[in-house]
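Structure assessment
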Amino acid sequence: VNDKVPAPQVLTKEEVHEICAKAKDILLKEPNVLKISAPVSVVGDVHGQYFDVREMFFVGGMCPDTNYLFLGDYVDRGLYSVETISLLVCH
């Protein structure tokens, strides 16, 4: 795996709570509509597919070098929903 793509790691319950709290603070300050500079990679529903998201970062590049627009449905069907949303929120 590319050394720029984070390797999977187990987060503690406290770390997940901290990530959620920081994400909530940031999202509450964001406007409902954002201007996004081109070029941008548009990503459809990821449904908790952690390894697919990692591969996407490997192929497309990591933030902030690559701009991404995620359309939603980050979690639900995949086995790695918590890991997927944590990866996305932290990047």
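Here we summarise the structure given alongside this text. Note that the coordinates shown come from a computational prediction; the quantities given were computed from them, not determined experimentally.

1. Remarks on the pattern of salt bridges
Applying the stated criterion across every chain yields a total of 1 salt bridge. Between Glu18 and Lys22 there is a salt bridge whose closest N-O contact spans 3.1 Å. Taken together, the residues Glu18 and Lys22, both in helix H1 (residues 13-29) and 4 residues apart, mark about one turn of the helix.

2. So, the packing of aromatic side chains
All told, the structure shown has 5 aromatic pairs when counted by the stated rule. Centroid distance Phe51 to Tyr80: 5.4 Å. Interplanar angle 90 degrees. Geometry classified as edge-to-face. With a gap of 29 residues between them, Phe51 in helix H2 (residues 50-60) and Tyr80 in the loop between strand E2 (68-70) and helix H3 (81-90) connect regions that are remote in the sequence. With relative accessibility at 34%, the residue Tyr80 sits in the partly exposed group. Relative to Tyr68, the ring of Phe57 lies with its centre 5.3 Å away and its plane at 80 degrees, an arrangement referred to as edge-to-face. On the criterion of sequence distance, the pair formed by Phe57 in helix H2 and Tyr68 in strand E2 is long-range, its members being 11 residues apart. On the accessibility criterion, Tyr68 (13% relative accessible area) is buried. Pairwise contacts between aromatic rings join Phe57, Tyr68, Phe70 and Tyr74 into one cluster.

About the criteria used
- Residues numbered from 1 in each chain as written.
- Predicted model: local features only at pLDDT ≥ 70, side-chain atom pairs only at ≥ 80, totals over all residues.
- Heavy atoms only, no water.
- Salt bridge = Lys/Arg side-chain N within 4 Å of Asp/Glu carboxyl O.
- Helix = DSSP H or I, 4+ residues; strand = E, 2+ residues; numbered from the N terminus.
- Phe/Tyr/Trp six-rings, centres within 6.5 Å; stacked < 30°, edge-to-face > 60°.
- Buried < 20%, exposed > 50% of the residue type's maximum accessible area, 1.4 Å probe, protein only.

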